[in-house]
Amino acid sequence: MLFAAPSAFAQGKLEARYEATLAGIPVGKGVWTIDISDDQFSASASGGTSGLLKTFAGGTGTGAAQGRVVNGSLVSTNYSATTTTSKRSEAIHIVMSGGNVKEYGIDPEPPANPDRLPITDVHRRGVFDPMTGSMLRVPGTADPVSADACRTGAAIFDGRMRYDLKLDFKRMETVRAEKGYHGPAVVCAIYFSPIAGYIPDRTVIKYLAAQRNMEIAFAPIAGTRILVPFRMVIPTPLGTAMLEATQFITQATPPRVAKTQ
């Protein structure tokens, strides 16, 4: 799992902006904010197509996750996501407790497809939502930006699909945002394994499952042991797809001190 044994845990914030490119051509932009306090966390993201792609296939999306901080681990309680294009809009919500899905839905409900592998109760236990699952917690007291951060994996449920993500260490490097963070990042290979809720014959599923060259560079949220994606690279038949932070402003926030008489 991405979140391991309890350890000392602090508090911090992140304000990031990302640009998506395909074969070097800008195709989208997004923002991501994260706030981690002593006993709870929240994260929200929004983005949309840009440049030439917006002319042909304009779209926007949002995502949000909230939850509790329990012994240093991020435990999601709610996740939501929306996507809107010129042809359709869709909203997903997930309610969780202790890593188990208590309730979820998609509005409007997608049409049934007999080829889709069914989601069972087992698939909704011991999982992360996609946003919380992308925030890597590194246990221990050593520098969290290390090879150990990549020696993990997670079970993800996104409201439609249940899949596994496995990470492996690739290298260390230095990254620099146009605004904000300049420092070390750990680069992990990422492998996608679909489990349930998908249609096996879908080309994109087969392609992602076969990929061995996808990678994510993780950078730290100051004051915490949480790493989040700074850059993600996915080879595609149309060229390399990349999502990279242009702004990555992060700061530690002091813990609340109990008032004394």
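Residues numbered from 1 in each chain as written. Predicted model: local features only at pLDDT ≥ 70, side-chain atom pairs only at ≥ 80, totals over all residues. Heavy atoms only, no water.

(A) Molecular detail of the nonpolar core. Grouped together as the largest cluster of nonpolar side chains are 36 residues, with contacts concentrated most on Trp-32, Ile-34, Met-135, Val-228 and Phe-248. Setting aside its immediate chain neighbours within four residues, Ile-34 contacts Gly-12, Lys-13, Leu-14, Ser-42, Ala-43, Met-135, Ile-221 and Val-228. With 21 residues, the next largest nonpolar core counts Leu-136, Ile-156, Met-161 and Ile-216 among its residues. (Core = buried A, V, L, I, M, F, W, Y, C linked by side-chain atoms within 4.5 Å. Buried < 20%, exposed > 50% of the residue type's maximum accessible area, 1.4 Å probe, protein only. Contact = heavy atoms within 4.5 Å.)

(B) Representation of the confidence of the model for the chain in the model. Confidence in the prediction for the chain averages 91 pLDDT; 93% of positions are at 70 or higher. At the low end of the mean pLDDT range in the chain sits helix 1 (residues 51-57), at 69; at the high end sits strand 13 (residues 215-220), at 98. For the stretch residues 1-9, pLDDT sits under 50, and the model shows 41 contacts to residues farther than four places along the chain or on other chains. (pLDDT = per-residue confidence, 0-100. Helix = DSSP H or I, 4+ residues; strand = E, 2+ residues; numbered from the N terminus.)

(C) Fine view of the packing of aromatic side chains. Using the criterion set out here, one finds 5 aromatic pairs in the structure. A centroid spacing of 5.4 Å and a plane angle of 50° characterise the contact between Tyr-163 and Phe-192, whose relative ring orientation is tilted. Taken as a pair, Tyr-163 in strand 10 (residues 162-176) and Phe-192 in strand 12 (residues 182-196) lie far apart in primary sequence, 29 residues in all. You'll find Tyr-163 and Phe-192 in the same group, each marked buried. Every member of this aromatic cluster is reached through a ring pair, and the members are Tyr-181, Phe-230 and Phe-248. (Phe/Tyr/Trp six-rings, centres within 6.5 Å; stacked < 30°, edge-to-face > 60°.)

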